[in-house]
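The chain contents come next:
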Amino acid sequence: SATDKILASLDKYSAIVIGCGMGVNEDTKAVLKAVVANSKVPVLIDADGINIIADDISILQSASCDIVLTPHPGEMSRLCGTRTELIETNRVGTARDFASNYKVYLALKGANTIVAQPMTKKAYVNSSGNSGLAKGGSGDVLAGMIVSLLGQGMEAFDACCAAVYLHGLAGDLAAREKGERGMTPTDLLEQIPYALKE
């Protein structure tokens, strides 16, 4: 029932993130489909949004804007319909092929997050970050960082690469202070200004 209100307000935004904590059901699928089909600004899809896409990949074909997906390996396996172990054995190839086939920008999270773009099959392998980022909520921080840069007008591939690197760097700074086991997504947030400064 909120779809019409959401669509009526789309032109107020310079970038959109959708999926975090929205749940997976017919109503949220309808909202996601409407946003993807009608947005003229970049849309980042994360979490439950990715799970909805995995169930109906055709949603991506209706986009007339840049789409960014930020799956972890388990979500990527659902998107590709294959086992997580196979995703992990060929992370770069998987990310590049998916980005190219579905015309999306893809940040495949994990040890050395991979960012792939659709046009040239170019891929960036991130060098920052640590295992302390493998906690619930860290991916939400990354989604927020990417969409912030998109909203400031940065090109999608550059926004993904910059945010992924800065996210990992903030994680490295948090780990220095609290340790990889002890750090939380809140600690990560607090380190973003220092990562930007560095």
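Scroll up to find the structure this text is about.
Notes on the structure follow. (Residues numbered from 1 in each chain as written. Predicted model: local features only at pLDDT ≥ 70, side-chain atom pairs only at ≥ 80, totals over all residues. Heavy atoms only, no water.)

**Remarks on the nonpolar core**
Of all hydrophobic cores here, the largest spans 32 residues; its most connected members are Val68, Val115, Ile146 and Leu150. Of all the elements in the fold, those that place two or more residues in this core are β4 (105-108), α7 (138-151), α8 (156-178) and α9 (185-197). The dominant element in this core, judged by the number of residues it contributes, is α8, at 13 residues. Residues in contact with Ile146, not counting those within four places in the same chain, are Leu44, Val68, Thr70, Ala159, Cys160 and Ala163. (Core = buried A, V, L, I, M, F, W, Y, C linked by side-chain atoms within 4.5 Å. Buried < 20%, exposed > 50% of the residue type's maximum accessible area, 1.4 Å probe, protein only. Helix = DSSP H or I, 4+ residues; strand = E, 2+ residues; numbered from the N terminus. Contact = heavy atoms within 4.5 Å.)

**Digging into the packing of α8 against α9**
Remark: α8 packs on α9, axes separated minimally by 8 Å, with the N-to-C direction vectors making an angle of 115°. Classified by the angle their axes make, α8 and α9 are roughly perpendicular. You can see that α8 and α9 cross each other, and the crossing is right-handed. Counting all contacts with α8, which are made through Leu166, His167, Leu169, Ala170, Gly171, Leu173, Ala174, Glu177 and Lys178, the residues of α9 involved are Asp187, Leu188, Gln191, Ile192, Tyr194, Ala195 and Leu196. Here the residues of the contact of α8 with α9 are counted per class, giving 10 nonpolar, 3 polar and 3 charged. (Axes fitted to C-alpha atoms, helices over the stretch in contact; angles between N-to-C directions. Parallel < 35°, antiparallel > 145°, perpendicular 65-115°, else oblique. Left-handed = near helix turned anticlockwise from the far one by under 90°. Nonpolar A, V, L, I, M, F, W, Y, C, P; charged D, E, K, R; others polar.)

**A few points about the pairing of β4**
As a general feature of sheets, a regular strand has side chains that alternate between the two faces. Side chains Tyr105 and Ala107 project from β4 onto one buried face, and the interleaved Leu106 and Leu108 project onto a second face that is buried too. Sheet topology note: the strand β3 (residues 67-69)/β4 ladder contains 2 bridges and is parallel. The residue bridging Leu69 from the neighbouring strand is Leu106, located in β4. Connecting β4 to the next strand, strand β5 (residues 114-116), in antiparallel fashion are 5 residues, including Gly110 with a positive phi near 135°. (Pairing = 2+ DSSP bridges.)

**Quick notes on the packing of aromatic side chains**
Going through the model one piece at a time under the given rule, you end up with 1 aromatic pair. Judged by centre distance (4.6 Å) and plane angle (35°), the ring pair of Phe98 and Tyr102 falls under tilted. With a gap of 4 residues between them, Phe98 and Tyr102 both fall in helix α6 (residues 91-102), about one helical turn apart. The class for Phe98 is buried, based on a relative accessible area of 4%. A residue is classified by how much of its surface remains accessible, and Tyr102, at 27% relative accessible area, is partly exposed. (Phe/Tyr/Trp six-rings, centres within 6.5 Å; stacked < 30°, edge-to-face > 60°.)

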